[in-house]
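Here is what each chain is made of, one letter per residue.
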Amino acid sequence: MKTLDKIPTGKIERAGQLIKTGFKVGGNYAAYYGEKFVNPSLNKDKLNENNAEDIYDGLKNLKGSALKVAQMLSMDKSIMPQQYVDKFSLSQFSVPPLSAPLVRKTFKKYFGDYPESLFDTFEPNAVNAASIGQVHKATKYGKNLAVKIQYPGVADSISSDLALVKPFAVRMFNIKGKDSDKYFKEVEDKLLEETDYILELKQSLEVSKKCEVIANLRFPTYYPELSSEKILTMEWMEGEHLSEFTSHNKDREKGDKLGQALWDFYMYQMHHLRQVHADPHPGNFLIDKDSNLIAIDFGCIKQVPPEFYVPYFELANPIVIENPKLFNEKLYELEILRKDDSIEEILYFTKLFHDLLSLFTKPFHGDFFDFSDEYFFGQIATMGEEFAKDTQLRKMNGNRGSKHFLYINRTFFGLYNLLHDLKARVDTQTFKQYII
């Protein structure tokens, strides 16, 4: 794979790359409409494929928050066209890595020495590369190690990248109103946290210690003495990425075992630790030869405050969902409804969220749920399509809900998709046995 000797870090340089990508996408649309004029039956598959290719190619050399957005979008399988999901999912663990000289320069800056001096052996070529950092294999203490190195300039470019993306996000998600900045601030804060490897080390040590009681779940050992704010060293874990495993697995019992571990891991965090690993994509989980789940990345941890946690999970209760008075109260507590809403807005958003929550919270309505259920995921996809076509929704203020929804909803959406990929059938209550 081609390596990078330089990453654009200046605001003007990065903006230029995004503008260049925009021109390519515009050209794809012009070509599509030209062909459609001749062939009215032409669908958008080729257009989506070309756009996904050009957007990904434009973002992969920028890395950082621009590429992280692509990674987040790749999780939205029921909303994004499949061509985008397929291409953007590469950002999870397969993008052009930094060249060996740039890696050595990074080590020299943060450790005052080169990697070959710090480790017994160090492979100069990355074994995988994602949006914020890349991983190299090394040895020390008689052990195989994974060394994650952050790309230069990632943290410094987050604010300017989001400023460039903001106009498109405002239009895409119909965000209006004076308080819309709270959502962008939430994203910026979490992305900045992900670039702080000292914080990630602390989170990794804490979460792995607290969650080690969960069956069929493993974590790497971390090495603080070989870590810094931009370099993180941990035990090398043998296994295949979850997406690789699901592409060939035919054993339902293995899928159920892994799915149960994944569900218990997330429910234990959410209901007991009141914080959660908020980046559930396949690149952050490995499957070992004994069909254990390995969690390997704790850069994105979302704290769940009680004022959000309580009404959020009360809305997952069918009794509350079907009680108009209680349901209405929770919508106000979660900032979905507001005191300045018109009668039309109250009626519209109450129905919209009643339909949405009645469907999306089904896994919490009983003691068992089958995540291989195609009908359930088909309903979610259909609802997403209906929202996209809803002209009334576009006219109204789409800026709804607490800022905490951004990462909590992303977490559950990603979790559901991973469980669906595993075709897992899970006991939704077993996590309680781990809570003392």
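In case you missed it, the structure is sitting above this.
So, how was this worked out
Residues numbered from 1 in each chain as written. Predicted model: local features only at pLDDT ≥ 70, side-chain atom pairs only at ≥ 80, totals over all residues. Heavy atoms only, no water. Salt bridge = Lys/Arg side-chain N within 4 Å of Asp/Glu carboxyl O. Helix = DSSP H or I, 4+ residues; strand = E, 2+ residues; numbered from the N terminus. Buried < 20%, exposed > 50% of the residue type's maximum accessible area, 1.4 Å probe, protein only. Core = buried A, V, L, I, M, F, W, Y, C linked by side-chain atoms within 4.5 Å. Contact = heavy atoms within 4.5 Å. Axes fitted to C-alpha atoms, helices over the stretch in contact; angles between N-to-C directions. Parallel < 35°, antiparallel > 145°, perpendicular 65-115°, else oblique. Left-handed = near helix turned anticlockwise from the far one by under 90°. Nonpolar A, V, L, I, M, F, W, Y, C, P; charged D, E, K, R; others polar.

## Details of the pattern of salt bridges
Here's step 1: The final tally for this structure, using the stated rule, is 17 salt bridges.
Here's step 2: Of the charged contacts in the structure, one is a salt bridge between Lys148 and Glu200, with a shortest N-O distance of 2.8 Å. A residue pair is termed long-range when its members are at least 10 positions apart, and Lys148 in strand β4 (residues 143-150) and Glu200 in helix α9 (residues 197-210) qualify at 52 residues.
Here's step 3: On the accessibility criterion, Lys148 (11% relative accessible area) is buried.
Here's step 4: Two residues, Lys202 and Glu206, come together in a salt bridge whose shortest N-O distance is 3.1 Å. With Lys202 and Glu206 both in helix α9 and four residues apart, this pair spans about one turn of that helix.
Here's step 5: Overlapping salt bridges, with partners in common, bring together Lys148, Glu200 and Asp297 in one network.

## Some thoughts on unusual backbone geometry
Here's step 1: Phi is positive for Asn216, close to 60 degrees, though the residue is something other than glycine.
Here's step 2: With respect to the helices and strands, the residue Asn216 is situated in the loop between α9 and β5 (217-218).
Here's step 3: Its identity as a non-glycine residue notwithstanding, Glu335 has a phi of 65 degrees, on the positive side.
Here's step 4: Mapped onto the elements, Glu335 comes out in the loop between α14 (324-333) and α15 (343-360).
Here's step 5: We classify Glu335 as partly exposed; its relative accessible area is 35%.

## As for the nonpolar core
Here's step 1: Residues Phe107, Phe119, Leu262, Phe265, Phe285, Leu293 and Phe412 are the most contacted members of the largest nonpolar core, which totals 87 residues.
Here's step 2: Non-local contacts of Leu293, meaning those with residues more than four positions away in its chain, are made with Asn216, Leu217, Arg218, Leu242, Leu258, Ala261, Leu262, Phe285, Leu286 and Ile287.
Here's step 3: Within the second largest apolar cluster, six residues are counted, among which are Leu191, Ala278, Cys300 and Tyr407.

## Brief notes about the packing of helix α11 (residues 252-273) against helix α18 (residues 405-422)
The relative placement of two packed helices is expressed as an angle between their axes plus a distance between the axes.
Here's step 1: With their axes 9 Å apart at the nearest point, α11 and α18 run at an angle of 165 degrees to one another. When the axes of α11 and α18 are compared, the pair comes out roughly antiparallel. As α11 runs across α18, the sense of the crossing is left-handed. Every residue of α18 that contacts α11 at Gly255, Leu258, Gly259, Leu262, Trp263, Tyr266, Met267 and Met270 is listed here: Ile408, Thr411, Phe412, Leu415, Leu418, Leu419 and Leu422.
Here's step 2: Here the contact of α11 with α18 is built from residues that sort into 12 nonpolar, three polar and no charged.

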